[in-house]
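# Tertiary structure, described
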There are 2 protein chains.
Amino acid sequence: MPEETKNPCSLTTFRPFARLFGMKNRSKLGFSLGVDYGTNSVRAVVVDLDDGKEIAGSVFDYPSGEHGVLLDPKDPNLARQNPADYIEGFFRSVGEAVRKAGRRRGFRPDKMVGIGVDTTGSTPIPVGRHGMPLGMQPSFRKNLAAQAWLWKDHASHEEAAEITEQVVRSKRGYLAKCGGTYSSEWFWSKILHCRRTAPKVFEAAYAWVELADFIPAYLTGRLEPDALPRGICAAGHKAMYNDSWGGLPDEAFLARLDPKLVEVRRRYAAPALTADRQAGRLTAEVAARVGLPPDIPVAVGAFDAHMGAVGAGIKPGTLVKIIGTSTCDMMVAPMDRELPDVPGLCGVVPGSIIPGMYGLEAGQSAVGDIFNWFVKQLTPERYAKRGDPHEYLTREAARLAPGESGLLALDWNNGNRTVLVDPLLSGLLIGQTLHTTAAEIYRALVEATAFGALTIINRFEEYGVQVREVINCGGIAEKNPFVMQIYADVCNRPMKISRSAQTCALGAAIFGAVAGGAYRSVAQAQRRMTGVKAKVYRPEKKAATVYAELYRLYRRLHDGFGTPQAGENYYRLMKELIAIRSRCRQR
Amino acid sequence: MPEETKNPCSLTTFRPFARLFGMKNRSKLGFSLGVDYGTNSVRAVVVDLDDGKEIAGSVFDYPSGEHGVLLDPKDPNLARQNPADYIEGFFRSVGEAVRKAGRRRGFRPDKMVGIGVDTTGSTPIPVGRHGMPLGMQPSFRKNLAAQAWLWKDHASHEEAAEITEQVVRSKRGYLAKCGGTYSSEWFWSKILHCRRTAPKVFEAAYAWVELADFIPAYLTGRLEPDALPRGICAAGHKAMYNDSWGGLPDEAFLARLDPKLVEVRRRYAAPALTADRQAGRLTAEVAARVGLPPDIPVAVGAFDAHMGAVGAGIKPGTLVKIIGTSTCDMMVAPMDRELPDVPGLCGVVPGSIIPGMYGLEAGQSAVGDIFNWFVKQLTPERYAKRGDPHEYLTREAARLAPGESGLLALDWNNGNRTVLVDPLLSGLLIGQTLHTTAAEIYRALVEATAFGALTIINRFEEYGVQVREVINCGGIAEKNPFVMQIYADVCNRPMKISRSAQTCALGAAIFGAVAGGAYRSVAQAQRRMTGVKAKVYRPEKKAATVYAELYRLYRRLHDGFGTPQAGENYYRLMKELIAIRSRCRQR
């Protein structure tokens, strides 16, 4: 991409002067709108295209269920959402954000160049003949199977195993690019589960549409399922879509799972598109309700983490880590040379993050969730007495030197996503004495997640994807210097923090800007609209030396308990425990 | 011992009638006194020789230091005691117990047949030319090295390692019967440490006497060190004494550690005696101060756990477990056949528990201490709110089925005493998820100690010492049905509880009775004076089946992390962590 290395816009040169004289009161390039559909709420931001600054924003909490999630007391694996919440959420959050922006000097609705949308996923929605969600029809309003199947719905674990088995048996390479194991969270598992457990809903559904595709289609009036623009991000990472094998898995393969799945494939418009493309233009009806002019270009949708990576400044050599309850670790690699299959990655999809590059996704299945678990279940009163237990534990843990607790943990309380791709692994803590304190264990758990992070970095590099820079974003990166310093020391690399606290919404706005023509490419937009904070966590040499030693021990446990190759007799141990647990719980 | 299988005393036949008519108001055989020197206090009990019932008792808390222990803020390993506390403790506790007994019908001081004494150990005391403790001389009163070196004093760990090395290098079998490793808690380590760090005290000390030997010597006026009666229990278990190699380690061996140790050996009267023998008779002076007649026989002293085993009814085939903060596991075996060396046992000493039998000692270095650690460091407020956290955790943990938590732990927070004899092992917990609760971990820790208990039972049986019965005593056995049921289920054996809550003092009283001639043998006295409670914890089949499966996993972890033979690369892992910890703490 040599074209993008030139500075595309010389007007930036004048910016310092403009600022100096307080003249920065109008955007030269205009604005874009980013709409970020999270698990519990939707956030809309209006972004200045000159510098990526958010000039207005609004959050709308989904009104249905528990914090927006529809649950089934009989099945703890089930998690659905009311699709009407998404539509109401768009009108409320965007309407409010646009109103707020209107109070800022320099903003006018007609300066809105484009709209981008990111969502959770895989969150497939069964839709009717004209593309509207079945769950919004009166006869299906109370039927959980007719709602959106939220990403974290795990009811379809049996179907997932069956699909994996079928891929292996059919010798198709469908899973080579996504870790070798199909997940219960993904598109086909959920649809197959619906077919088997809620056949009436399945029959009534004309097609299945990812939330990331549904929103742009709704905004642009392009809901007809047979022509609805599908995004490559959801398709490639969750539906085994790849242009090299002709799109979705072939009909013979799907028919062997269930003949009815063939229809789902036939009503799925190919080819899937990258998110710099327009899904269409804002309809007059939607525009009127949010105070915008009609016909604004709307970008093809993608997943939150992937647009977040763009908002954080991802580029070749830059690892973006979104660190929250779990992590998503993303890289991009140029497509001018063949990329080897990287074992254990969740996904490698051309164009899923930045058009024209491979998008590589890895992740840790629990990070903040482990710290929260420890605080909830195992932290004595004296920590809670002085406020947030996390803060007090952190203060005590920060006083410890690396290695001095004698503790070592594996970060597998929720299984291991990368590089082992094994949800049936569990936690491990070693080195306890009669003097071990809660703060020592808390620190060991933080260190364990850092060792997990390093394992992902090493895996990328082992397969030729150099990590020259790490940019962190998400709640923990924003708020927790203690954790970030340990990550820097353990990984022995500087840890940078994304400048924007809302990287997903910013990423969506960037795609809106590119789809709307304000920038020629995502990379060009990123150079203007993204950046990192001045504060960089740099590794301390002493700590890094101790952690290098501890990491060798971590790897011995990691390989011994997590892989069959190591010649240990521990590989099956965690699974045997889980098998015993399952049997004992059934009684 | 065919003589002891006959019923020695037909008068028991009349007992039920006597009770029925309220006639049991006088002891036919008289009484004995048991004096039990613990870590924080001394307890005296007056026991009815007919049935072993305690008719009066008194406890005296040592007044010096913290709960009787002299500490050094500069050295956390140091633990000493003021020997004057022992003497005052005898007068106060025994005086009070005898006074109380005097208020019971049937008791008269002249019916006191004998006195037995048990103490902690190894607790050596430096004494002067005439056998009185140096620490009681004005010039040494404030010198910590001149006091009694309490069993749990670990200041001498370097000397212990040196002694072990010297035994190996000299190819002497001194440690074959005590686990292969000399401990910092033991006799010679402490004396050598005194020689090196407090040479003035060492020079002033004419001899070194175990507390278990000092008390009987003091009571009988036989303090002259060169003739002071030494007990086989302390000598055999802690000072590498064995008649087969001529008593204490030979002079050449000791001289290689330090030439001055030869003098210590020369002032040590051999042969060491079993505790059914008289150390002497109560002096008029001591007798007058506690309200007893003079000349009552006083038995040779022994350690608390060993006399406790006797008080609990130990005999061939019976394992006695004293379960408290740690455990002591004891068996006896007839000496008519050769006993193989049992690897990992703390000690095998002829006559140390019951005269004429091998005394076998094993133990777990932490049991109640692990539960206490968990409650102190890792139990959230909601458990404490409702009273004793142990009770509330137990209530919740008791509701869980075996295996259903998916957790497994190693009980090594304080190292492993038997069968691995390795103080540098540490704890391990495996199987945690994001839903694991404190009660689940608490139960896993209890189960881990039960697995440790089973490992000891198995080790005895692997070497031909059959365990036909398990009798438990100590605080946990007395008060914790939850723990005892898990022990029954894990070991798949009935768990009996000793009838007496004060088995150590009762055991001492039994030795007093035998030394005083009321019974011909310890076994004969035991049959009359000891017993078990009606409540027996019996294994539940379902639980035992699950635990058999979990124990196989426990053994894999146990052997993998605890032994080099298993071909795992984990054997060094805990030690490497501890090495890192030591280095990091020094900085």
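Residues numbered from 1 in each chain as written. Chains lettered and ligands numbered in written order. Predicted model: local features only at pLDDT ≥ 70, side-chain atom pairs only at ≥ 80, totals over all residues. Heavy atoms only, no water.

## Here's the deal with the overall build of chain A
Within chain A, the regular secondary structure consists of 21 helices and 20 strands. A globule of 587 residues ought to have a C-alpha radius of gyration of about 25 Å, and chain A, at 24 Å, matches this closely. In terms of overall dimensions, chain A has C-alpha extents of about 70 × 65 × 50 Å along its principal axes. The buried share of chain A, taken over its 587 residues, is 63%. For chain A, the proportion of contacts with a sequence separation of at least 24, taken over those separated by at least 6, is 72%. For chain A, the accessible surface area stands at approximately 22200 Å², while carbon and sulfur atoms represent 51% of it. Of the side chains in chain A, 75 bear a positive and 61 a negative charge, and the two mean positions are spaced by 4 Å. (Helix = DSSP H or I, 4+ residues; strand = E, 2+ residues; numbered from the N terminus. Rg over C-alpha atoms; globule rule 2.2 N^0.38 Å. Buried < 20%, exposed > 50% of the residue type's maximum accessible area, 1.4 Å probe, protein only. Contact = heavy atoms within 4.5 Å. Areas by Shrake-Rupley, 256 points an atom, 1.4 Å probe, with all protein chains shown as cover. Lys, Arg positive; Asp, Glu negative; His and termini not counted. Charge placed at Lys NZ, Arg CZ, Asp CG, Glu CD.)

## Side note on the domain arrangement of chain A
All names here are of chain A. Segmenting chain A into domains produces domain 1 (31-299) and domain 2 (313-499 + 540-587). Between the C-alpha centres of domain 1 and domain 2 there is a distance of 29 Å. Carbon and sulfur atoms supply 51% of the area buried between domain 1 and domain 2, which totals about 1200 Å² over both sides. Contact with domain 2 buries area across many residues of domain 1, yet Lys 177, Gly 179 and His 237 alone supply 45% of it, more than any other trio. Between domain 1 and domain 2 we count one salt bridge in total. The shortest N-O distance in the salt bridge between Lys 177 and Asp 341 comes to 2.6 Å. For the pair domain 1 and domain 2, the number of links is four residue pairs in polar contact (both at pLDDT 80 or more). (Domains from an automatic or database assignment. Buried area = accessible area lost by both parts, 1.4 Å probe. Salt bridge = Lys/Arg side-chain N within 4 Å of Asp/Glu carboxyl O. Polar contact = N/O pair within 3.5 Å; in protein donor to acceptor, adjacent residues only side chain to side chain.)

## Description of the sheet that holds strand β5 (residues 75-81) of chain B
Residue and element names in this part refer to chain B. The strand order β4-β5-β8 describes an open sheet built from three strands, whose pairing is antiparallel. Each end of this open sheet is capped by a strand with a single partner; those strands are β4 (70-72) and β8 (148-149). Sheet analysis places β4 next to β5, joined by two bridges and oriented antiparallel. Its bridge partner lying in β5, Leu 70 is registered against Arg 80. (Pairing = 2+ DSSP bridges.)

## As for the pattern of salt bridges
All names here are of chain B. Applying the stated rule across the entire model yields 50 salt bridges over all chains. Note that Arg 92 and Glu 88 form a salt bridge whose closest N and O atoms lie 2.9 Å from each other. Of this pair, Arg 92 and Glu 88 both sit in helix α2 (residues 83-102), separated by four residues, roughly a single helical turn. Close ionic contact of Arg 169 with Glu 165 constitutes a salt bridge, the shortest N to O distance being 2.6 Å. With Arg 169 and Glu 165 both in helix α3 (residues 157-169) and four residues apart, the pair spans about one turn of that helix. Accessibility expressed as a relative area gives 52% for Arg 169, which makes it exposed. On the basis of relative accessible area, Glu 165 is assigned to the partly exposed category, the value being 46%.

## Description of the packing of aromatic side chains
According to the stated counting rule, one finds 41 aromatic pairs over all chains in the structure shown. Grouped by ring-pair contacts, the aromatic residues Phe90(A), Phe91(A), Phe214(A) and Tyr218(A) constitute a single cluster. Across from the ring centre of Tyr206(B), 4.5 Å away, lies the NZ or CZ of Arg129(B), which sits over that ring. (Phe/Tyr/Trp six-rings, centres within 6.5 Å; stacked < 30°, edge-to-face > 60°. Lys NZ or Arg CZ within 6 Å of the ring centre and 35° of its normal.)

## A word on the sheet that holds strand β18 (residues 427-432) of chain B
Sheet strands pair via backbone hydrogen bonds, and the direction of the pair is either parallel or antiparallel. Read across the open sheet, the four strands follow the order β17(A)-β18(A)-β18(B)-β17(B); overall the sheet is antiparallel. Both edges of this open sheet fall to β17 (408-410) of chain A together with β17 (408-410) of chain B, since each of them pairs with a single strand only. In this sheet, adjacent strand axes meet at a mean angle of 10° when their direction is disregarded. Sheet analysis places β17(B) next to β18(B), joined by three bridges and oriented antiparallel. Looking at the pairing, Leu408(B) lines up with Ile430(B) of β18(B). (Axes fitted to C-alpha atoms, helices over the stretch in contact; angles between N-to-C directions.)

## So, the interface of chain B and chain A
The interface is formed by 61 residues belonging to chain B together with 61 residues belonging to chain A. Together, the buried faces of chain B and chain A total about 5300 Å²; carbon and sulfur atoms form 56% of this surface. Broken down residue by residue, the surface that chain B buries against chain A is led by Leu434(B), Arg556(B) and Leu577(B), which jointly contribute 13%. Taken together, the links from chain B to chain A amount to zero salt bridges. For the pair chain B and chain A, the interface holds 17 residue pairs in polar contact (both at pLDDT 80 or more). Mapped by element, the contributors of at least two residues to the side of chain B that touches chain A are α12 (368-378), α13 (381-384), β18, α15 (438-462), α20 (541-562) and α21 (573-586) of chain B.

## Topic: a positive patch on the surface
All names here are of chain A. On the surface, a cluster of positive charge is contributed by Lys 385, Arg 386, Arg 395 and Arg 399. Along the chain, Arg 386 falls in the loop between α13 (381-384) and α14 (389-398). On the basis of relative accessible area, Arg 386 is assigned to the exposed category, the value being 55%. (Patch = residues over 30% accessible without salt bridge, like charges linked within 9 Å, V, L, I, M, F, W, Y side chains within 5 Å.)

## Let's talk about the nonpolar core
Judged by nonpolar contacts, the single largest core of 162 residues is most densely connected at Phe561(A) and Phe561(B). Those residues in contact with Phe561(A) that sit more than four places away from it in its chain are Trp412(A), Leu425(A), Leu428(A), Tyr570(A), Tyr571(A), Leu573(A), Met574(A), Ile430(B), Leu557(B), Phe561(B) and Tyr570(B). (Core = buried A, V, L, I, M, F, W, Y, C linked by side-chain atoms within 4.5 Å.)

## Overview of the relation of the copies chain B and chain A
Each copy superposes on the other: chain B lies on chain A with an RMSD of 0.1 Å after a rotation of 180° and an axial shift of 0.0 Å. When the rotation and shift are considered jointly, the pair of chain copies conforms to a two-fold rotation axis. Of the residues that chain B buries at the interface, 100% are likewise interface residues in chain A, meaning the two copies contact each other through the same surface. (Least-squares fit on C-alpha atoms with pLDDT ≥ 70 in both.)

## Brief notes about the confidence of the model for chain A
Residue and element names in this part refer to chain A. Per-residue confidence for chain A gives a mean pLDDT of 92, with 94% of residues at or over 70. Every residue in residues 1-23 is under pLDDT 50, and counting partners more than four places away or in other chains gives 21 contacts. In the predicted complex, the global pTM is 0.90; the interface-specific ipTM is 0.89. (pLDDT = per-residue confidence, 0-100.)

## A short note on unusual backbone geometry
At the junction of Ala270(A) and Pro271(A), the peptide bond is cis and its omega measures out at -5° in the coordinates. Residue Ser122(B) follows Gly121(B) across a cis peptide bond; omega there is 0°. Topologically, Ser122(B) is positioned in the loop between β6 (112-119) and β7 (124-127). Despite not being glycine, Met240(A) has its phi angle at roughly 55°, a positive value. Relative to the assigned elements, Met240(A) resides in the loop between α7 (232-238) and α8 (251-257). The class for Met240(A) is buried, based on a relative accessible area of 2%. The phi dihedral of Asp295(A) falls on the positive side, at around 75°, and the residue is not glycine.

## Details of the pairing of β7(B)
Residues and elements named next belong to chain B. Side chains Pro 124 and Pro 126 project from β7 onto one buried face, and the interleaved Ile 125 and Val 127 project onto a second face that is buried too. One ladder, built from four bridges, connects β7 with strand β9 (residues 207-210); its direction is antiparallel. In the strand pairing of β9, Ile 125 is matched with Val 209.

## Points about the environment of Pro316(B)
Residues and elements named next belong to chain B. With respect to the secondary-structure elements, Pro 316 resides in the loop between α11 (304-311) and β13 (318-323). Residue classification places Pro 316 among the partly exposed positions, given a relative accessible area of 29%. Spatially, the C-alpha atoms of Pro 316 and Arg 468 are 8.7 Å apart, while their sequence positions differ by 152 residues. Ignoring any residue separated from it by four or fewer positions in sequence, one finds Pro 316 in contact with Val 332, Pro 334, Met 357 and Arg 468.

## Concerning the packing of helix α2 (residues 83-102) of chain A against helix α6 (residues 211-220) of chain A
Residues and elements named next belong to chain A. Between α2 and α6, the least distance of the axes is 11 Å, while the angle of their chain directions is 55°. Classed by the angle they form, the pair α2 and α6 counts as oblique. Seen along the crossing, α2 lies across α6 with a hand that is right-handed. Residues Tyr 86, Ile 87, Phe 90 and Phe 91 of α2 lie in contact with α6, whose contacting residues are Leu 211, Phe 214, Ile 215, Tyr 218 and Leu 219. (Parallel < 35°, antiparallel > 145°, perpendicular 65-115°, else oblique. Left-handed = near helix turned anticlockwise from the far one by under 90°.)

## Points about helix α17 (residues 481-491) of chain A
Residue and element names in this part refer to chain A. In terms of burial, α17 is largely enclosed, as 10 of its 11 residues are buried. Where α17 is concerned, the buried positions are Phe 482, Val 483, Met 484, Gln 485, Ile 486, Tyr 487, Ala 488, Asp 489, Val 490 and Cys 491. Positive backbone phi, approximately 55°, marks Asn 492, located one or two places after α17.

## Some thoughts on the packing of α11(B) against helix α18 (residues 503-515) of chain B
All names here are of chain B. Put simply, α11 and α18 touch, their axes get as near as 6 Å, and they point 80° apart. Taken together, the axes of α11 and α18 lie roughly perpendicular to each other. Across from Asp 304, Met 307, Gly 308, Val 310 and Gly 311 in α11, the residues of α18 making contact are Thr 503, Cys 504, Leu 506, Gly 507, Ala 508, Ile 510 and Phe 511. Class assignment for the residues of the contact of α11 with α18 results in seven nonpolar, four polar and one charged. (Nonpolar A, V, L, I, M, F, W, Y, C, P; charged D, E, K, R; others polar.)

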